[in-house]
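Secondary and tertiary structure notes
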Amino acid sequence: MRALLAAAAFAVCTSGFAADTLTVGSKRFTESYILGEIITLTAQRAGETQAVHRPGLGNTGIVYAALTNGAIDVYPEYTGTIEREILKSTRPLDLDGLNRALRPLGLAAGVPLGFNNTYALTMREDRAQALGVRSISDLAAHPDIVFGLSQEFIGRADGWPGLKQAYALPHATPRGLDHGLAYEAIAASQVDVIDAYTTDAKIGRYKLRVLDDDRKFFPVYDAVLLYRADLPQRLPRTWAALSSLSGALDARRMVALNAEAELDGRSFTDVAKGFLGGRQEPARGGGFLARLFAPDFGRLAFEHVMLVSVSLFVAIVIGIPLGILAYRVPAARQWVLSVIGVIQTVPSLALFAFLIPLFGKIGTIPALAALFLYALLPIVRNTYSGLADIAPGLRESAIALGLPRGYRLRVIELPLASRAILAGVKTSAVINVGTATIAAFIGAGGFGERIAQGLALNDNAALLAGAVPAAALALIVHGGFELLDRWLMPAGLRDKAVSTSI
Amino acid sequence: MVRLENVAKTLSPRFALAPLSLDFAVGTTSVLIGPSGCGKSTVLRLIAGLVEPDSGRVMIGEQTLQPQNAQALRLRIGYVIQEGGLFPHLSAGANVALAARHLGRAQSEIKKRLDELCELAALPSALLARYPRELSGGQRQRVALMRALMLDPELLLLDEPLGALDPVTRHALQQDLKAIFTRLRKTVIMVTHDMGEATHFAGGLILMRDGKILQRGTIDDLSKRPADSYVTEFISAQRPPLGSAA
């Protein structure tokens, strides 16, 4: 009990950000993680305020919601994404155009970092040099060049069909190739040109040249900072430091940084420090055990257990009375059970995206709220059915003894339903251990942080280093409840009753 | 002691209790008998206030049974069902003492009463520490009877109290119960479908069928002056066939 209260207090403390703190967000892929770290470190070095990074915040919807309600102050975004996904604009907008549309929202975009992360065609550096190809237009002069394009690129209107038309390319439509295999194919000189994103980590590794899109066919995805419009006034020195990042990062440099994280296994913080000219730690070891018990293990385990236990505790305190209400008041039954059933069907990311604006916060509080909501159904259902399944003869015997309602509930009915209620709590706890891994997507920490990073980096060892302890925790919780069941169960209800006399 | 005045109750589209009036005098033992589904248990549940009549009224002593006074009146009624209705999570002793504990009776008084009841029900007091599942069927029914008698009620309602027992245990308990009833001089209303058991306990039988009372009287009245042919049919069906060992 005391541990639970301490955990609750911790949750409240860690989620309340001081007003003068700069909170930086990032999305759930390598480049965004690195840029988030660069922004955070730059802000810290300005020395004006504390800067906190909330990394890997789900998708655009979640990170944008976090920005508009002030849970974060700034995050790295791309002009094309602002134009299409956030502003839903049907015509191309330049930075001024974007800012005119963002102003009513209290937001602004600025500090173009110096690279454009969009579709690109790439060739091996040596082959491009030999053929004298620098831009996509140059390809028209080489009809014998072999393309190896991804299915998606061939299919999209803004991919191959549009490109072929815009540049009047004479080449026939190539067969589709798996994107992962395309790099191997071009390395082995089986194809000459593949499609890629301009800042793919592998562009550097395979020594590929990004061909210049000289007719500006591909949409522009310039990396910029998307921030709350009051940031420059609120933290002027920090803003000045962040502005210095303008043009500091060209595509080649970004490719190199992505490669450091994805291919060399360096931490995001480390990559960012290297870029900003700080001391770098040695690259992390690839061994699974070393990764599993990395220094953050204790913190992640604590966060995970805290998320599960606090949400479970609140779900018990509220869920059992709701179950009793459903049992006692037939008019409320359908209501309670169906509303809680519907909550259970809401996908977790959608629930998070809904809860963030509700609380005006990201991190622990909305994560706890979501986990609490998911934990309700098994507890309420089992409390209700445990009470409703009491044999009518027993219920009537209690009434016939002249015992009042409250006394019957406390002394007879709840103890008889205790096994079902405990089973509901156990189900909720085990489910919550799993669901809590998703809380990392909104910056609440836990083992899900490793899973999110592993997914972003396509790094199976990192993914397992998060998934294995989460699974182990689920087993421990399950086993713990089995013991609790034996310990709490009224002796007369046990499978093998222990005789207390004779 | 108990009076039903034109009590009617519809429980389902297929079963309804016709408006019926019944009187149970103080200190008498009456048996409600009839085939399954005839409404005899419903009469008992109406008296215990577990179901409310659609019309008519139930009088306990001088009071009309109503939701407002049901709880208080139940303290004057002991009620035992077929499986005993003992709470499995409480020891036998805790089951018996439940209502007295709730009323805040002194521990010494409860202890004294438990000893009395053990003697009355012929239950070794060591068994009170056991859970219901650790007792035999006959022991469980003795405990259930003790629980019903704990507050020394004026009225005892027994719904097939021996129905789930084997013949030997049943016979032993029949003897003991009859002795207890005679000794305590309580008003007892018992439900059974067994004619032999009915005649063993009561001078007054009430034969029911399809929610109606067919006949009220002694076994002599019912066999010699049957109200209709079903009464004869019911009685003869429960007699051992001629020539079999009695």
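Residues numbered from 1 in each chain as written. Chains lettered and ligands numbered in written order. Predicted model: local features only at pLDDT ≥ 70, side-chain atom pairs only at ≥ 80, totals over all residues.

Let us now look at the overall build of chain A. Scanning chain A for helices and strands turns up 23 helices and ten strands. When the backbone C-alpha atoms are referred to their principal axes, chain A occupies close to 100 × 50 × 45 Å. Within chain A, contacts between residues at least 6 apart in sequence are counted, and of these 77% link residues at least 24 apart. (Helix = DSSP H or I, 4+ residues; strand = E, 2+ residues; numbered from the N terminus. Contact = placed C-beta atoms within 7 Å.)

For the rest of this paragraph, the subject is the overall build of chain B. A count of helical and extended segments in chain B gives nine helices and ten strands. Once the C-alpha set of chain B is aligned to its principal axes, its extents read approximately 55 × 50 × 35 Å. Taken across its 246 residues, chain B has 41% of its residues classed as buried. Here the analysis covers contacts within chain B between residues at least 6 apart in sequence; of these, 67% occur between residues at least 24 apart. (Buried ≥ 20, exposed ≤ 12 C-beta atoms within 10 Å, placed from the backbone.)

A separate point is helix H3 (residues 92–102) of chain B. Residue and element names in this part refer to chain B. Those residues of H3 not exposed but buried are Ala92, Asn95, Val96, Ala97, Leu98 and Ala99. Among the structural elements, helix H4 (107–121) and helix H5 (137–149) are those in contact with the buried residues of H3. Directly after H3, the chain includes Gly104, whose backbone phi takes a positive value near 75°.

So, about the pairing of strand S7 (residues 155–159) of chain B. Residues and elements named next belong to chain B. Across the five residues that make up S7, a large majority, five, are buried. Side chains of S7 alternate between two faces, with Leu155, Leu157 and Asp159 and Leu156 and Leu158 buried alike. Both strand S6 (residues 77–80) and S7 contribute to a ladder of four bridges, which runs parallel. By the bridge assignment, Gly78 is partnered in S7 with Leu156. For S7 and strand S8 (residues 187–192), the ladder comprises five bridges, and the chain directions are parallel. Bridge pairing in S8 links Leu155 to Thr187. For the segment spanning S7, helix H6 (residues 167–184) and S8, crossover handedness is right-handed. (Pairing = 2+ DSSP bridges. Right-handed = clockwise from strand over helix to strand, strands pointing away.)

All names here are of chain A. Reading across from one edge, S7-S6-S8-S5-S9 is the order of the five strands in this open sheet, with mixed pairing throughout. Whereas interior strands pair on both sides, the edge strands pair on one side only; in this sheet they are strand S7 (176–177) and strand S9 (208–210). Here strand S6 (residues 147–150) pairs with strand S8 (residues 193–197) via two bridges, running parallel. Within S8, the position partnered with Gly148 by the bridge is Ile194.

Glancing now at the environment of A:Thr173. All names here are of chain A. Tracing the backbone through its elements, the reader meets Thr173 in the loop between helix H8 (160–166) and S7. Classification of Thr173 by C-beta neighbours within 10 Å gives exposed; the count is 11. Each C-alpha atom, one on Thr173 and one on Leu149, is 9.3 Å from the other, the two residues being 24 residues apart in sequence. Beyond its immediate stretch of four places on either side in the chain, Thr173 contacts Ile154 and Trp160.

Next up on the list: the nonpolar core. Counting 206 residues, the largest nonpolar core has A:Ile62, A:Ala66, A:Leu226, A:Leu307, A:Ile356, A:Ile442 and B:Leu157 as the members making the most contacts within it. At 15 residues, the largest contribution of residues to this core is made by helix H19 (residues 364–388) of chain A. (Core = buried A, V, L, I, M, F, W, Y, C linked by C-beta atoms within 7 Å.)

The subject of this paragraph is the environment of A:Tyr167. All names here are of chain A. With respect to the helices, strands and loops of the structure, Tyr167 is situated in the loop between H8 and S7. Take Tyr167: there are 19 C-beta atoms within 10 Å of it, and that puts it in the partly exposed class. Placed 194 residues apart in sequence, Tyr167 and Lys361 show a C-alpha to C-alpha distance of 48 Å. Non-local contacts of Tyr167, meaning those with residues more than four positions away in its chain, are made with Ile136, Ser137, Ala140 and Arg215.

At the interface, 23 residues of chain A touch 23 residues of chain B. At the level of elements, helix H20 (392–400) and helix H21 (405–435) of chain A are the ones that each hand at least two residues to the side of chain A that touches chain B. With six residues, the single largest contributor to the side of chain A that touches chain B is H20(A). Within the side of chain A that touches chain B, the residues separate by chemical class into 15 nonpolar, seven polar and one charged. (Nonpolar A, V, L, I, M, F, W, Y, C, P; charged D, E, K, R; others polar.)

All names here are of chain A. Taken together, the buried positions of helix H4 (residues 79–86) are occupied by Thr79, Ile82, Glu83 and Ile86. Down the axis of H4, the buried set is contained in an arc of 125°. They therefore lie on one face. The inward-facing, buried residues of H4 abut helix H3 (60–68), strand S3 (74–78), helix H5 (95–102), strand S4 (107–110) and strand S10 (223–228). Just downstream of H4 lies Lys88, where phi reads positive at about 50°. (Arc of directions from axis to C-beta.)

Another aspect to go through is the sheet that holds strand S4 (residues 55–60) of chain B. Residue and element names in this part refer to chain B. Read across the open sheet, the four strands follow the order S2-S1-S4-S5; overall the sheet is antiparallel. Because the sheet does not close on itself, it has two edges, and the strands there are strand S2 (15–24) and strand S5 (63–64). Docked against the sheet, helix H1 (residues 40–47) engages strand S1 (2–12), S2 and S4, running at close to 120° with respect to S1. (Axes fitted to C-alpha atoms, helices over the stretch in contact; angles between N-to-C directions.)

Here we take up the confidence of the model for chain B. Taken residue by residue, chain B gives an average pLDDT of 88. The fraction at 70 or more is 97%. Quick note on the complex model: pTM equals 0.72, ipTM equals 0.90. (pLDDT = per-residue confidence, 0-100.)

Quick look at unusual backbone geometry now. Positioned with a positive phi, A:Lys216 is a non-glycine residue whose angle comes to about 55°. Given 9 C-beta atoms within a 10 Å radius, A:Lys216 is considered exposed. Look at B:Asp152: it is not a glycine, yet its phi comes out positive at around 55°. Examined against the element boundaries, B:Asp152 turns out to sit in the loop between H5 and S7. What makes B:Asp152 exposed here is the crowd of 12 C-beta atoms within 10 Å.

Our next topic: the packing of helix H2 (residues 30–46) of chain A against helix H14 (residues 268–275) of chain A. Residue and element names in this part refer to chain A. It is the contact of H2 with H14, at a shortest axis distance of 8 Å, that shows an interaxial angle of 55°. When the axes of H2 and H14 are compared, the pair comes out oblique. Where H2 crosses over H14, the handedness of that crossing is right-handed. In this structure, H2 contributes Tyr33, Ile34, Glu37, Ile38 and Leu41 to the contact, and H14 contributes Phe268, Thr269, Val271, Ala272, Lys273 and Phe275. In terms of residue class, the contact of H2 with H14 is built from eight nonpolar, one polar and two charged. (Parallel < 35°, antiparallel > 145°, perpendicular 65-115°, else oblique. Left-handed = near helix turned anticlockwise from the far one by under 90°.)

Quick look at the packing of helix H16 (residues 297–328) of chain A against H21(A) now. All names here are of chain A. Here H16 crosses H21 at 145°, and the two axes come no closer than 10 Å. Both H16 and H21 take part in a crossing whose hand is right-handed. Contacts from Val308, Ser311, Leu312, Ala315, Ile316, Ile320 and Ile324 in H16 reach Leu409, Ile421, Val425, Ser428, Ala429, Asn432 and Val433 in H21. Split by residue class, the contact of H16 with H21 holds eleven nonpolar, three polar and no charged.

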